[in-house]
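Remarks on the overall topology
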Amino acid sequence: MNYHWNWSIFWEPAPNGTGTYLDMLLSGLVLTIETAICAWIIALVFGTIFGVLRTLPSKTASRLGFAYVEFFRNMPLLVQLFIWFFVLPEILPPSWGLWMKQMPHAPFYTAAIGIGLFMSARVAEQTRAGISSLPRGQKLAATALGLTTAQTYRYVLLPMAFRIMIPPLTSEFLSTIKNTSVAITIGLIELTGEARAMQEFSFQVFEAFTGATVLYLLINIVVVIAMRFLERALAVPGYITGK
Amino acid sequence: MFASFDFDVIRRSLPYLFLDGMTFTLTLTGLAALGGLIFGTLIALMRLSGHKLLGRIAGLYVDLMRSLPLVLVIFWFYFLVPYIGQWVTGASRPVRVGAFTSSLVTFILFEAAYFSEIMRAGIQSISKGQPAAANALGLTYAQTMRYVVLPQAFRNMLPVLLTQTIVLFQDTSLVYVLSIPDFLGAASKVAQRDGRLVEMYLFAAIVYFVISCTASFGVRRLQARISIVR
């Protein structure tokens, strides 16, 4: 292979004046994590709401939940981001559209909201699966105790469901982190974007991508270990929670 | 809101969008799903072979692919495939590779990791008695897999495999980052040329939505039919 390797490139100053190439990648890493966390909060909130809707006895509520999930699941994330970023400001009243276009950090907010809503459909599916995996007796016992539907969910079903759902939610969170890279198409320079910029500035393609790869692997490992601790701490006594 | 809508731009670009763009997207999806399934099954067999080294290598590959964002993998292979081509053909310089080949290689290798996990679950879901009976009948390992285990695993996992293919169909839109004219890329080209972002992106969204929705509805029906049999 006649490729010129230069691993010390990471310690050389980057031409954008913000420090070394390694600093560039690390700032991308920070942006990736920030975007992922904001998106994840949105995904959890909306995912829980619509996941619960799907398990309610009301036909209208479960249909609404179904429609929500199908809507966000059947379009590619990239297309959804384009809609939020390019289409929404145009079809809103002009003054709102102008405000959206002039907003600082527009790619960041768009990415957080767009990825958050995209992931919320998957979280909703996990929430529904989590709630319906609970034994029927839980809900019946809550009703027998005189709890209202809202109380049943708040005090009985959701606390149990969330604890069972930690492993699938971990992988959804990892997908959220990975999906932030799609936002480079709307100009968010996160980790993949910084690696691409580093490749364009330095011509060291494989070093740049290796750097990003290693950082992504590190995030994955940290998240998996952290969630394993959380899972152990929150394990429901009497439930088999794996190894 | 729709007063300034120019529906004609969609009508004018239909042939380009579907004959060029959608053909690219569907061909890429189909071939990548097929290739991903074949490689994925091989990887799953490696992981379940009981051979320490093979299992370790396959596991590492799957874990690596699954922890990386697809966009990064697309960039990786876009630059790597010419060198792989050089290594395979023994040429003196990196081989020039077209956009389609490059993205096909990327998606096959990336999806193989996901398909392998599905096939692994499928193979593990088959009761131990099946390979044991095959063994008792004197079938070799290859024959056991070919005639007994894999057909059942494939059948059990068909709905999941098809759902993954729908995800793949949506994910192919990410070749946009290489400026390749797949369906979304074509829509985007027209959108930027004519300054009609709203119309083209909304239209693309609807097309993706209709195709994915129809396909997942079909998968759900198939699942219902298969589950009656068992």
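The text that follows walks through the structure, step by step, so that each part is easy to find. (Residues numbered from 1 in each chain as written. Chains lettered and ligands numbered in written order. Predicted model: local features only at pLDDT ≥ 70, side-chain atom pairs only at ≥ 80, totals over all residues.)

Points about the environment of R54 of chain A
Residues and elements named next belong to chain A. Looking at the element boundaries, R54 is found in helix α1 (residues 21-55). Through-space distance from the C-alpha of R54 to that of G65 is 5.0 Å; in sequence the pair is 11 residues apart. Ignoring sequence-local partners within four residues, the contact set of R54 consists of S62, G65, F66, A124 and R128. (Helix = DSSP H or I, 4+ residues; strand = E, 2+ residues; numbered from the N terminus. Contact = placed C-beta atoms within 7 Å.)

Regarding the packing of helix α1 (residues 7-48) of chain B against helix α6 (residues 141-171) of chain B
All names here are of chain B. Between α1 and α6, the least distance of the axes is 11 Å, while the angle of their chain directions is 135°. Taken together, α1 and α6 sit at an angle that is classed as oblique. In terms of crossing hand, the pair formed by α1 and α6 is right-handed. Here T29, A32, A33, L37, T41 and L45 of α1 lie close against α6, whose contacting residues are M145, L150, L161, T165, L168 and F169. For the contact of α1 with α6, a count of residues per class yields 9 nonpolar, 3 polar and no charged. (Axes fitted to C-alpha atoms, helices over the stretch in contact; angles between N-to-C directions. Parallel < 35°, antiparallel > 145°, perpendicular 65-115°, else oblique. Left-handed = near helix turned anticlockwise from the far one by under 90°. Nonpolar A, V, L, I, M, F, W, Y, C, P; charged D, E, K, R; others polar.)

Re unusual backbone geometry
All names here are of chain A. The backbone phi angle of H105 is positive, close to 55°, even though this residue is not glycine. Tracing the sequence through the fold places H105 in the loop between α4 (94-102) and α5 (106-132). With 10 C-beta atoms counted inside 10 Å, the residue H105 sits in the exposed group. Even without being a glycine, F203 presents a positive backbone phi close to 65°. Tracing the sequence through the fold places F203 in the loop between α8 (191-202) and α9 (205-234). (Buried ≥ 20, exposed ≤ 12 C-beta atoms within 10 Å, placed from the backbone.)

Some remarks on the interface of chain B and chain A
Listed as interface residues are 29 residues of chain B and, on the opposing side, 28 residues of chain A. Counting only elements with at least two residues in the side of chain B that touches chain A, the list comes to α3 (70-89), α6 and α8 (197-229) of chain B. With 11 residues, α8 of chain B is the largest single contributor of residues to the side of chain B that touches chain A. The class makeup of the residues in the side of chain B that touches chain A is 23 nonpolar, 5 polar and 1 charged.

Some points on the nonpolar core
If you look at the biggest cluster of nonpolar residues, it comprises 118 residues, and the most contacted ones within it are V79 of chain A together with I74, A187, Y201 and A204 of chain B. Broken down by element, this core gets its largest block of residues, 12 residues, from α1 of chain A. Residues within four places of V79 of chain A in sequence aside, it is in contact with S173, L184, Y201, A204, A205 and Y208 of chain B. (Core = buried A, V, L, I, M, F, W, Y, C linked by C-beta atoms within 7 Å.)

A word on the environment of R96 of chain B
Tracing the chain through its elements places R96 of chain B in the loop between α3 and α4 (99-124). It is 37 Å that separates the C-alpha atoms of R96 of chain B and H51 of chain B, two residues lying 45 residues apart in sequence.

Observations regarding the packing of α5 of chain A against helix α7 (residues 149-179) of chain A
Helix packing geometry: the angle between the two helix axes and the distance between the axes. Residue and element names in this part refer to chain A. Running from amino to carboxyl end, α5 crosses α7 at an angle of 150°, the nearest separation of the two axes being 9 Å. In terms of orientation, α5 and α7 fall into the roughly antiparallel class. The chirality of how α5 crosses α7 is right-handed. Residues I115, M119, R122, V123, Q126, T127, G130 and I131 of α5 form the contact with α7, whose participating residues are L157, A161, I164, M165, P168, L169, E172, S175, T176 and N179. Residues belonging to the contact of α5 with α7 are distributed by class as follows: 10 nonpolar, 6 polar and 2 charged.

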